[in-house]
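Below, each chain spelled out in residue letters.
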Amino acid sequence: MGPEIADLAQTAGTTMVALMATQAWESARDGVVALWRRYQPARAEAVGGELAAAREDLLLARASGDTGTEAELTAEWQARVRRLLLAQPEVADELRRILGELEHHLPQQQTTVEVRLRAEVSGSGRVYQAGRDQHITER
């Protein structure tokens, strides 16, 4: 397995699980099931059911504060997609197309940074504090 296939499987698994808790879930599920239906028709219905069960697991885990389930589901779906790509490499182009269509539905990653500043000044000292950029011009 080449690194390109591994990267594609990783992206697909991560994207599918990330979209499970969004408004775009049905589109994501339909695209993935259609992919299986086209390349492994005997597994398509089972994959649809497994995706629905995974979504329920994810929603329950998030509601209970369980952070490990999402990582487990992501790894599981990455492996499933990787196996599909290994069995039928021609799936890659269609999978890339589906991921491209779903990309704008992905939740935006938000990073929160907490900044605490504390200063003590005595006499005629000065303190300049900033949580980000600071420009000081003294004359």
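Check the entry above for the structure.
So, a few notes on the structure that sits alongside this text. (Residues numbered from 1 in each chain as written. Predicted model: local features only at pLDDT ≥ 70, side-chain atom pairs only at ≥ 80, totals over all residues. Heavy atoms only, no water.)

1. Observations concerning the overall build of the protein chain
Logical step 1: On a plain count of helices and strands, the protein chain comes out with five helices and zero strands.
Logical step 2: Each helix and strand of the protein chain, ordered N terminal to C terminal, gives the series α-α-α-α-α.
Logical step 3: Here the C-alpha radius of gyration of the protein chain, 23 Å, is well above what a compact globule of 139 residues would show, namely 14 Å.
Logical step 4: Across its three principal axes, the protein chain shows a C-alpha extent of roughly 80 × 35 × 25 Å.
Logical step 5: Buried residues in the protein chain amount to 33% of all 139 residues.
Logical step 6: In the protein chain, of all internal contacts separated by at least 6 residues, the share reaching a separation of at least 24 is 64%.
Logical step 7: Summed over all atoms, the accessible surface of the protein chain reaches about 9600 Å², with 47% contributed by carbon and sulfur. (Helix = DSSP H or I, 4+ residues; strand = E, 2+ residues; numbered from the N terminus. Rg over C-alpha atoms; globule rule 2.2 N^0.38 Å. Buried < 20%, exposed > 50% of the residue type's maximum accessible area, 1.4 Å probe, protein only. Contact = heavy atoms within 4.5 Å. Areas by Shrake-Rupley, 256 points an atom, 1.4 Å probe, with all protein chains shown as cover.)

2. Topic: helix α2 (residues 25-39)
Logical step 1: With 15 residues, α2 should cover 21 Å at 1.5 Å per step; its first-to-last C-alpha distance of 21 Å lies within 8% of that length.
Logical step 2: Turning to α2, its buried residues are Trp25, Ala28, Gly31, Val32, Val33, Leu35, Trp36 and Tyr39.
Logical step 3: Where α2 is buried, its residues meet α1 (3-19), α3 (41-64), α4 (68-87) and α5 (91-102). (Expected span 1.5 Å × (residues − 1).)

3. Re the nonpolar core
Logical step 1: Ranked by size, the top nonpolar core spans 32 residues in total, and within it Met20, Leu51, Trp77, Val81, Leu85 and Leu95 carry the most contacts.
Logical step 2: Each residue touching Val81, except ones within four places of it in the same chain, is listed here: Ala9, Ala12, Met16, Trp36 and Leu95. (Core = buried A, V, L, I, M, F, W, Y, C linked by side-chain atoms within 4.5 Å.)

4. As for the environment of Leu102
Logical step 1: Relative to the assigned elements, Leu102 resides in helix α5.
Logical step 2: Judged by its relative accessible area of 7%, Leu102 falls in the buried class.
Logical step 3: In contact with Leu102, other than residues within four places in its own chain, are Leu19, Ser27 and Ala28.

5. Quick look at the packing of α2 against α5
Between two packed helices, the angle of one axis relative to the other and the distance separating the axes together describe the packing.
Logical step 1: Direction vectors running N to C along α2 and α5 enclose 170 degrees, while the axes themselves pass 10 Å from each other. Relative to α5, the element α2 is oriented roughly antiparallel. The residues of α5 that touch α2, namely those facing Ser27, Ala28, Gly31, Leu35, Arg38 and Tyr39, are Val91, Glu94, Leu95, Ile98 and Leu102.
Logical step 2: Grouping the constituent residues of the contact of α2 with α5 by class yields seven nonpolar, two polar and two charged. (Axes fitted to C-alpha atoms, helices over the stretch in contact; angles between N-to-C directions. Parallel < 35°, antiparallel > 145°, perpendicular 65-115°, else oblique. Nonpolar A, V, L, I, M, F, W, Y, C, P; charged D, E, K, R; others polar.)

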